[in-house]
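# Residue-level structure breakdown
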Amino acid sequence: MAKDKVVSLSQAMEKIRDGQTVLIPGFVNTGVPEMLIKGIIEKGCKDFEVISNNTSVKGQGIGLLVHEGRIKHVTCSHIGSNTETVEKVLAGELNVTFVPQGTLVERVRAGGAGIGGVLTQTGMGTPIAEGKDVITVNGKDYLLELPLRGDIALIHAWKADKMGNVVYHRTARNFNQVFATAADWVIVEAEEIVEVGELDPDLIMTPGALVDAVVKCGEV
């Protein structure tokens, strides 16, 4: 019998703790797990190390965590249009590590696949390369970029079945699929939850084996 992974928002929040490393997908505010972010804020947890593509916009998505001062460090490719992130960085309230977008995704993919790192020429000769190992392959120098993993991944899905198999909707897939591979505990918020067997197996993008909990959007 397939395990039913559907839980309430409060049950999903039981695994959230201060100081965790949290993977949060989304491109600006598309494909962002907004309900789970609000659940974190309501629980009162803080001091997160966040891995994300950007910090969204002021007052939305990850921007809510920035506004509430819940993030101590974010690893991202850019800050988005969030002026509040800039203000907090300048005030010494938030630390940012910039990683080129393709490198960021590859580092997370490596973390999910158990690979020791990836080699790239992106960033060679720039501040991105400072302090990193350089490996020569076939006469070309590459930066060794180490894998990224999280304690928690917060995922936004279009549809999920009760076993945790997931389908994303068009561009809202963005970083969700790879981020779901690289955390010890994966929580999915789904716009729609269906019975096991209702999803076409050929369309499943994240298998239920990677998912630990599923929450219906709009439910508490």
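Please refer to the structure higher up on the page.
Description of the structure in this document. (Residues numbered from 1 in each chain as written. Predicted model: local features only at pLDDT ≥ 70, side-chain atom pairs only at ≥ 80, totals over all residues. Heavy atoms only, no water.)

### Digging into the packing of aromatic side chains
What the rule picks out here adds up to 1 aromatic pair. Considering the side-chain rings of Phe 175 and Phe 179, the 6.0 Å spacing of their centres and the 40 degrees angle between planes classify their relative orientation as tilted. Directly above the aromatic system of Trp 158 lies the positively charged group of Lys 159, at a separation of 4.7 Å from the ring centroid. (Phe/Tyr/Trp six-rings, centres within 6.5 Å; stacked < 30°, edge-to-face > 60°. Lys NZ or Arg CZ within 6 Å of the ring centre and 35° of its normal.)

### Brief notes about the environment of Lys 38
Structurally, the position occupied by Lys 38 is in helix H2 (residues 34–43). The class of Lys 38 is partly exposed, set by a relative accessible area of 41%. Once the C-alpha coordinates of Lys 38 and Ile 62 are considered, the two residues, 24 residues apart in sequence, prove to be 9.5 Å apart. (Helix = DSSP H or I, 4+ residues; strand = E, 2+ residues; numbered from the N terminus. Buried < 20%, exposed > 50% of the residue type's maximum accessible area, 1.4 Å probe, protein only.)

### With respect to the sheet that holds strand S7 (residues 140–145)
Backbone hydrogen bonds hold the strands of a sheet together, and the pairing may be parallel or antiparallel. Overall, antiparallel pairing links the 3 strands, which are arranged S5-S7-S6 in an open sheet. Each of the sheet's edge strands pairs with one partner strand only, and the pair in question is strand S5 (118–120) and strand S6 (134–137). Taken pair by pair, the neighbouring strands of this sheet meet at an average axis angle of 45 degrees, ignoring direction. Of the strands in this sheet, S5 and S7 touch helix H5 (residues 101–113), which is tilted by about 160 degrees from S5. (Pairing = 2+ DSSP bridges. Axes fitted to C-alpha atoms, helices over the stretch in contact; angles between N-to-C directions. Contact = heavy atoms within 4.5 Å.)

### A look at the pairing of strand S10 (residues 183–194)
Strand direction decides the pairing type here: strand S8 (residues 150–161) and S10, joined by 10 bridges, are parallel. The residue bridging His 156 from the neighbouring strand is Glu 189, located in S10. Taken together, the 4 bridges between S10 and strand S11 (residues 213–216) define a ladder with parallel strand orientation. Its bridge partner being in S11, Ile 187 is matched across the sheet by Ala 213.

### Some details on the pattern of salt bridges
Under the definition given, this model contains 8 salt bridges. Between Lys 132 and Glu 145 there is a salt bridge whose closest N-O contact spans 2.8 Å. Taken as a pair, Lys 132 in the loop between S5 and S6 and Glu 145 in strand S7 lie far apart in primary sequence, 13 residues in all. The partly exposed category is assigned to Lys 132, whose relative accessible area is 28%. The exposure class assigned to Glu 145 is buried, which follows from its relative accessible area of 2%. (Salt bridge = Lys/Arg side-chain N within 4 Å of Asp/Glu carboxyl O.)

### Some remarks on unusual backbone geometry
Even without a glycine there, the phi angle at Asp 47 is positive, about 60 degrees. Relative to the elements of secondary structure, Asp 47 occurs in the loop between H2 and strand S2 (48–51). The backbone of Arg 170 sits at a positive phi, close to 50 degrees, despite the residue not being glycine. Position of Arg 170 relative to the elements: it lies in the loop between strand S9 (166–167) and helix H6 (176–179). Of the residues examined, Arg 170 reaches a relative accessible area of 72% and is grouped as exposed.

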